[in-house]
Amino acid sequence: MINSVSDIWETVIDRLREKKNVTNTAITTWFDDCEPVDVSDNRMVICTPNDFKRGMIQQRFAEDIKALLSDLFSAEMDLLILTDDELEDYNSEKESKKLMPEFSEYTFENFIVGPSNRAAHGAAIGASENLGSTLYNPLFIYGNSGLGKTHLMFAIAHHVAEKEPDKRIVYVKAVDFTDQMVSALQSGRIADFRQKYRDADLFLIDDIQFISGKQQTQEEFFHTFNAHYEAGHQIVITSDRPPIEISKLEDRLRSRFEGSMMQDIQPPDLETRMAIIRSKAAKLGMVLSDEVVAYIAENITSNVRQIEGVVKRLTSYYQIENDTINVDSVKRAIKDVIRSGTYIPTPDIIIEETARFFSLTSDDLRGQRKNKNIALARHISIYLIRNLTTLTLTEIGAQFQDRNHATVLSSLHKIEDLLKTDPDMPGTIRDISSNINSRN
Ligand code: ADP
Ligand code: MG
């Protein structure tokens, strides 16, 4: 079985050697110091020491190698020959593209503009064309889940990567920023962490609401933010709610956010939803009747991700069942999506997010320690598991070192009481729930 790039290359060389017009000496001369680099996007990349050798390989062997590769992969394959000098650039470019592939469709061209997102879209374009300008920097985009915040963020990145390829772009989810910071602190590599997140002309941080309640992350982020700001770098932040609604946020950060160019995205109106549906369908090679488009648009109103889910589901009916797409098939697709779209988190995730919110660990919550903070976090996680999953009280107890059913019940009652008496509790529950849902 062939799996690694070097296996592939070895096979190619072996087969090349078998060709009548290719001598062993030729193979040694041209290929002994030639290294395989990469196979991706229907192309093999190899590297040879200098331009002269590249020229020879190109002239004498490239066509044969391409044919051998195409044979091996049963697909048209191309060959790219680099010199040692070019290798470093190739690798760093590849590295910088890495964060993009899963989001390659998130471009301005693919973003449908309507009244609900026009201002945010305009500001995103403004920021991408005037990196670091006082007008659009920092840019803070907020709105409910599934309305295109991450899409716009990546559209800025793609636009800049294309227009100004020398600019350094760093994208990070706030939750990953937090995790990486914690492990950098533990392993004594905080300087590397800072270098990584401060060295960027364009700094994108997604779902900043995650840092709510996390003091150490907020401290670190404050300095990251200032470093970029003072260096005139473009900062783009997204959040599922405006700064004022992010609870447990340090005042100095809140005021930084509020001093940003703030743009909200609202759910799209009917006409925009119809345009989005047509565009997503066209991308999937499907033409939908006006009746079908209208039906989807009228029934899914608040989340573009769900709209997209329905359109994708329709393509699969189309392909598998060769179905004609009518309102009945749409009803079925909507049901499927709504059902599968009702995200049921695992108890692990709930415990993890609750612990994270209180700067504790999952083990703290599952364990026996009874200090006030831990006990409260434990009660909250129990309450959330009860409300977000279908686990029974006994099953919930099993998650916490076999606490019995009565202990679980008493946790539930404690939180239900606190929801009535502690003015902070509803916000805390909502914040943690939202963090849990973002893990979907
Ligand atoms: P958010 O980050 O706000 O939760 P995303 O940016 O991930 O939402 O968007 C969810 C999905 O909806 C993505 O696939 C995105 O391409 C799509 N989407 C959202 N708004 C639009 C729009 N205006 N035009 C086209 N696609 C959109
Ligand atoms: Mg997002």
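Higher on the page you've got the structure.
## Regarding the site of ligand 1
Next up, step 1: Lining the immediate surroundings of ligand 1 are 18 residues, of which Ile 112, Gly 146, Thr 150, His 151 and Glu 308 lie closest.
Next up, step 2: Within the backbone of Leu 147, a nitrogen or oxygen atom sits 3.2 Å from an oxygen atom of ligand 1.
Next up, step 3: Measuring from an oxygen atom of ligand 1, one finds a side-chain N or O atom of His 151 at 2.7 Å.
Next up, step 4: If ligand 1 stood free it would expose 560 Å²; the protein chains cover 95% of that surface.
Next up, step 5: For the shell around ligand 1, the per-class residue count stands at six nonpolar, eight polar and four charged.

## Brief notes about the state of the cysteines
Next up, step 1: Using the criterion set out here, one finds zero disulfides in the structure.
Next up, step 2: Between Cys 47, a cysteine without a disulfide, and Cys 34, which holds the nearest cysteine sulfur, the sulfur-to-sulfur distance is 7.3 Å.

## Things to note about the nonpolar core
Next up, step 1: Core analysis: the largest hydrophobic core is formed by 27 residues, its most contacted members being Phe 203, Ile 205, Ile 208, Phe 221, Ile 237 and Phe 257.
Next up, step 2: At the level of elements, strand 4 (139-142), strand 5 (169-173), helix 8 (174-186), helix 9 (190-198), strand 6 (202-206), helix 10 (215-230), strand 7 (234-239) and helix 11 (251-258) are the ones that each hand at least two residues to this core.
Next up, step 3: Among the elements that take part in this core, helix 8 stands out by supplying five residues, more than any other.
Next up, step 4: Beyond its immediate stretch of four places on either side in the chain, Phe 221 contacts Phe 177, Phe 203, Ile 205, Ile 208, Ile 211, Ile 237, Leu 253 and Phe 257.

## Notes on the packing of helix 18 (residues 372-388) against helix 20 (residues 405-421)
Next up, step 1: It is at 8 Å that the axes of helix 18 and helix 20 come closest, and there the two elements cross at 95°. As summarised for this structure, helix 18 and helix 20 are arranged roughly perpendicular, according to the angle between their axes. Judged by residue contacts, Leu 376, His 379, Ile 380, Ile 382, Tyr 383 and Arg 386 of helix 18 engage Val 408, Ser 411, Leu 412, Lys 414, Ile 415, Glu 416, Leu 418 and Leu 419 from helix 20.

## Details of the sheet that holds strand 6
Next up, step 1: The strand order across the open sheet formed by five strands is 5-6-7-4-8, and the pairing between neighbours is parallel. Looking along the sheet, the strands with just one partner apiece sit at the ends: strand 5 and strand 8 (261-264). Adjacent strand axes in the sheet meet at a mean angle of 15°, parallel and antiparallel pairs treated alike.
Next up, step 2: Here strand 4 pairs with strand 7 via four bridges, running parallel. Bridge assignment links Ile 141 to a residue of strand 7, and that residue is Thr 238.

## Examining the packing of helix 8 against helix 9
Next up, step 1: Helix 9 packs onto helix 8 with a crossing angle of 150° between their chain directions and a minimal axis gap of 8 Å. Judged on the interaxial angle alone, helix 9 and helix 8 are roughly antiparallel. Residues Phe 177, Gln 180, Met 181, Ala 184 and Leu 185 of helix 8 form the contact with helix 9, whose own contacting residues are Ile 190, Phe 193, Lys 196 and Tyr 197.
Next up, step 2: In terms of residue class, the contact of helix 8 with helix 9 is built from seven nonpolar, one polar and one charged.

## Brief notes about the sheet that holds strand 1 (residues 35-40)
Next up, step 1: As summarised here, the arrangement of the three strands in space is 1-2-3, forming an open sheet in which the pairing is mixed. With one partner strand each, in any of the chains shown, strand 1 and strand 3 (78-83) form the two edges of the open sheet. Put simply, the sheet's adjacent strands are angled 20° from each other on average, direction ignored.
Next up, step 2: Pairing between strand 2 (residues 43-48) and strand 3: six bridges, direction parallel. Opposite Arg 43, over in strand 3, you have Asp 78 as the bridge partner.
Next up, step 3: Packing against the sheet, helix 1 (residues 5-17) makes contact with strand 1 and strand 2, and its axis sits at approximately 110° to strand 1.

Quick notes on the rules
Residues numbered from 1 in each chain as written. Chains lettered and ligands numbered in written order. Predicted model: local features only at pLDDT ≥ 70, side-chain atom pairs only at ≥ 80, totals over all residues. Heavy atoms only, no water. Near = heavy atom within 4 Å. Polar contact = N/O pair within 3.5 Å; in protein donor to acceptor, adjacent residues only side chain to side chain. Areas by Shrake-Rupley, 256 points an atom, 1.4 Å probe, with all protein chains shown as cover. Nonpolar A, V, L, I, M, F, W, Y, C, P; charged D, E, K, R; others polar. Disulfide = S-S within 2.5 Å. Core = buried A, V, L, I, M, F, W, Y, C linked by side-chain atoms within 4.5 Å. Buried < 20%, exposed > 50% of the residue type's maximum accessible area, 1.4 Å probe, protein only. Helix = DSSP H or I, 4+ residues; strand = E, 2+ residues; numbered from the N terminus. Contact = heavy atoms within 4.5 Å. Axes fitted to C-alpha atoms, helices over the stretch in contact; angles between N-to-C directions. Parallel < 35°, antiparallel > 145°, perpendicular 65-115°, else oblique. Pairing = 2+ DSSP bridges.

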